[in-house]
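The chain contents come next:
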Amino acid sequence: MDLFSLTWTALREAVAAVPDDAFEGPSGCAGWRIRDLVAHLVIDAQDVLITLSTPADDAPTADALSYWTPRPTTWPVEATSDGGAADVDPLDALVVRLATAYGEPALLHHHLEDLGAAAGRAALLAHPELPVATQGMSLTVRDYLQAYVLEWTLHHLDLVAEAASADSAGIVGAGVPGPPAEGLAAARRMLERRIRLALPEEWSDADALRIATGRRAPSSAERADLDRLGPRAAMLPLSLG
């Protein structure tokens, strides 16, 4: 639960450091601008608030790992000529329209921090063993918040994707900090357990997360690393939904 607070606070602080003129630039989510990614985070914060105030009527049916459903994808997700992702999910398309409707980045900054701070407080107040309901499943608050450590970390990597360079954590450029090391390590462990595949030890946590989820294509050396992992590595990349 501490990791939830750490990664969520770090992500909100990183968004706050993004200059207004960068909001129209690309994020690590194919077809999404930084503006669209931040609008998605607003919806995420709303989901956290809703879930934490929705006690489940039954015993937990899922945990932090089974919350995620891996789906086949490509390296990277293809985008259409107008900048949108190919075969866009209707909810993803709604995010883009919502982001545009905000107009000035200051409104998005304000709304994310307003809802984000409330979601952070609600997480601290919730009993960790309380079963809550979301997306047709029930799981404990502890598992729900643990699942979101992966969500926050992946989207933090998306936020700094264009700034990433030789620094594997992407903590460069425009004064926007990358994800905390603890969050990256925990997210990698969670991903590896979910896909039942230990990624090459020599890969940084950020690279492992980006490659395994299709956020960037592996280099020739990294592809050779994957080949050495055996047949199970052939299922990569996978998106998580």
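Structural data are supplied above this passage.
Below you will find a few notes about this structure. In this text the structure is predicted, and so the values were computed from the model without any measurement.

Let's talk about the packing of aromatic side chains
- Considering all chains together, one arrives at 7 aromatic pairs under this definition.
- Seen from their ring centres, Tyr 148 and Trp 152 are 4.8 Å apart, and the 55° between their planes marks the pair as tilted. Of this pair, Tyr 148 and Trp 152 both sit in helix α5 (residues 141-159), 4 residues apart, which is roughly one turn of that helix. The same class applies to Tyr 148 and to Trp 152, which are both buried.
- The rings of Phe 4, Trp 8, Tyr 67, Trp 68, Tyr 144, Tyr 148 and Trp 152 are connected pair by pair, giving a single aromatic cluster.

A few points about the pattern of salt bridges
- Under the defined criterion, the tally for this structure stands at 11 salt bridges.
- Across the pair Arg 188 and Asp 205 runs a salt bridge whose closest N-O atoms are separated by 3.2 Å. You can see Arg 188 sitting in helix α6 (residues 181-195) and its partner Asp 205 sitting in helix α7 (residues 205-212), a full 17 residues away along the chain.
- For Arg 216, the salt bridge identified is with Glu 222, shortest N-O distance 2.8 Å.
- For Arg 216, a relative accessible area of 24% corresponds to the partly exposed category.
- What makes Glu 222 buried here is its relative accessible area of 12%.

Side note on the nonpolar core
- One finds Phe 4, Tyr 144 and Leu 159 to be the most contacted residues of the largest nonpolar core, which totals 67 residues.
- Broken down by element, the residue count for this core peaks at 11 residues, all from α5.
- In this structure, Tyr 144 is in contact with Asp 47, Val 48, Thr 51, Leu 52, Tyr 67, Val 132, Thr 134 and Leu 139, ignoring residues within four places of it in sequence.

Concerning the environment of Pro 237
- Its location among the elements puts Pro 237 in the loop between α8 (220-227) and β4 (238-240).
- On the basis of relative accessible area, Pro 237 is assigned to the buried category, the value being 5%.
- Taking the C-alpha atoms as reference points, Pro 237 and Pro 105, separated by 132 residues in sequence, lie 33 Å from one another.

Rules of the game
Residues numbered from 1 in each chain as written. Predicted model: local features only at pLDDT ≥ 70, side-chain atom pairs only at ≥ 80, totals over all residues. Heavy atoms only, no water. Phe/Tyr/Trp six-rings, centres within 6.5 Å; stacked < 30°, edge-to-face > 60°. Helix = DSSP H or I, 4+ residues; strand = E, 2+ residues; numbered from the N terminus. Buried < 20%, exposed > 50% of the residue type's maximum accessible area, 1.4 Å probe, protein only. Salt bridge = Lys/Arg side-chain N within 4 Å of Asp/Glu carboxyl O. Core = buried A, V, L, I, M, F, W, Y, C linked by side-chain atoms within 4.5 Å. Contact = heavy atoms within 4.5 Å.

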